[in-house]
Amino acid sequence: MTDRRLLLVHAHPDDESIVTGATMAKYAAEGADVTLVTCTLGEEGEVIPDELAHLTADREGGLGQYRIGELDKACVALGVRDHRFLGGPGRYTDSGMMGAPSNDRPDCFWRADVEEAAQRLVDIIREVRPHVMVSYDGNGGYGHPDHIQAHRVAVRAFTKAVDRSVPGTPWQVRKLYAIAQPQSVLEERVERLRHDPGPFTAPASTADIAPGTPDRLVTTRIDATRYWAAKALAMRAHATQITVDGERFALSNDVAQEIDAVEYFTLLRGPTPKPGADGLETDLFA
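Remember, it's a predicted structure, so these values are computed and weren't measured experimentally.

K.L.:
What is the right way to look at the layout of surface pockets in this model?
P.N.:
In this approach, a probe sized like a water molecule rolls over the atoms, and the result shows the empty space that is left. The computed volume of the largest pocket comes to approximately 1,200 Å³. Lining the largest pocket are 48 residues, and of these Asp15, Ile18, Tyr142, His147 and Leu251 sit closest to its centre. Looking at the lining of the largest pocket, the elements that each hand over two or more residues are helix H1 (15–29), strand S5 (175–180), helix H5 (183–195), strand S9 (257–258) and strand S10 (262–269). Approximately 190 Å³ is the volume found for the second largest pocket. Of all the elements in the fold, those that place two or more residues in the lining of the second largest pocket are strand S1 (5–10) and strand S2 (33–38).

Shown next, in the form of structure tokens:
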């Protein structure tokens, strides 16, 4: 084990590359142990390429199994060697967007028992002994049920892992972060994309991309610009979900977004951050 170990908890294949890919590539290249835990196979994802459209209609695991392969390729691009699915591949299925009928399936992640799922994550924590964990905020970034559930599970697992009163406490994780997209940064991106959306549809407002995190809540800025190409390559690996064109990408809604290798986070648990010159912490392990 190295002296820097990072564990990320994501909801579906592709989430890791879109919002934390550059950070993962940076720390992996610097010699940190990076573990990715994905909670579902993303079976409810909307398939973009026409030549893969048949995967959407295959409810016997076709899309989910295909996305395992995409995720494997993305991890190679990011230099991440340790990836696992929470409870094993297919233990929890994709819940779909909020309000969809798939939310009601008993095996979907949204319906999972948080305590049970958190214990599965604690078992991983016990094994890899991370210093830092990363997941989503309480709204799951943009309100997706699986993202919200991933936040709940990560917070509960973190709490169990640092509670010294719990017999057999596996490891004292030092910090827990939520992925953040600062409102001011989103506004700047939207302004650029209005003038240059590439082959995609220009966003009308930040709401077309994400709700945005109030700037005052953002604590950490990771500049992984050197690893932009690794992030872009990882995103290309998720061809069922992401269309990449130069420095732009789009999901199934065709709304243009920028591929950015500067990624932001909010410290949810842990010691008070030590800000740099711009008022933000610059290292998750600080």
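K.L.:
Just checking my understanding: could you explain the pattern of salt bridges for this structure?
P.N.:
Should their charged atoms come close, side chains of opposite charge can pair. Considering all chains together, one arrives at 19 salt bridges under this definition. Put simply, aspartate 14 and arginine 67 hold a salt bridge, and the shortest N to O gap is 3.3 Å. Taken together, the positions of aspartate 14 in the loop between S1 and H1 and arginine 67 in helix H2 (residues 62–78) put the pair 53 residues apart, joining distant regions of the chain. Grouping residues by exposure puts aspartate 14 and arginine 67 together as buried. Lysine 231 is the partner of glutamate 263 in a salt bridge, and the nearest nitrogen-oxygen pair spans 2.8 Å.

K.L.:
Just to check I follow, could you spell out the packing of H1 against H2 for this structure?
P.N.:
Geometrically, a packed helix pair is captured by the angle between its two axes and the distance between the axes. It is at 9 Å that the axes of H1 and H2 come closest, and there the two elements cross at 40°. One finds that H1 runs oblique with respect to H2. Residues Glu16, Ser17, Gly21, Met24, Ala25 and Ala28 of H1 lie in contact with H2, whose contacting residues are Leu71, Ala74 and Leu78.

K.L.:
When you look at the environment of methionine 133 in this model, what are you seeing that I'm missing?
P.N.:
For methionine 133, the position within the fold is in strand S4 (residues 132–135). Taking the C-alpha atoms as reference, methionine 133 lies 8.0 Å from phenylalanine 158; in sequence the two are 25 residues apart. In this structure, methionine 133 is in contact with Leu7, Val9, Leu121, Ile125, Ala154, Phe158, Val173, Lys175, Leu176 and Tyr177, ignoring residues within four places of it in sequence.

K.L.:
Can you walk me through the pairing of S1 in this structure?
P.N.:
Where a strand is regular, its side chains alternate between the two sheet faces. Burial within S1 is extensive, with six of its six residues counted as buried. Taking every second residue as pointing to the same face, both faces of S1 are buried, with Arg5, Leu7 and Val9 on one and Leu6, Leu8 and His10 on the other. With six bridges joining them, S1 and S2 adopt parallel strand pairing. By the bridge assignment for S2, histidine 10 is matched with threonine 38. Of the strand pairs in this sheet, S1 and S4 are connected by three bridges, and their pairing is parallel. The residue of S4 that forms the bridge with leucine 7 is methionine 133.

Reading guide: rules and limits
Residues numbered from 1 in each chain as written. Predicted model: local features only at pLDDT ≥ 70, side-chain atom pairs only at ≥ 80, totals over all residues. Heavy atoms only, no water. 1 Å grid on protein atoms, 1.4 Å probe; cavity = no way out; pocket = protein on both sides within 12 Å on 5 of 7 lines; lining within 4 Å. Points joined across faces, edges and corners; volume = space filled by probe spheres on them. Helix = DSSP H or I, 4+ residues; strand = E, 2+ residues; numbered from the N terminus. Salt bridge = Lys/Arg side-chain N within 4 Å of Asp/Glu carboxyl O. Buried < 20%, exposed > 50% of the residue type's maximum accessible area, 1.4 Å probe, protein only. Axes fitted to C-alpha atoms, helices over the stretch in contact; angles between N-to-C directions. Parallel < 35°, antiparallel > 145°, perpendicular 65-115°, else oblique. Contact = heavy atoms within 4.5 Å. Pairing = 2+ DSSP bridges.

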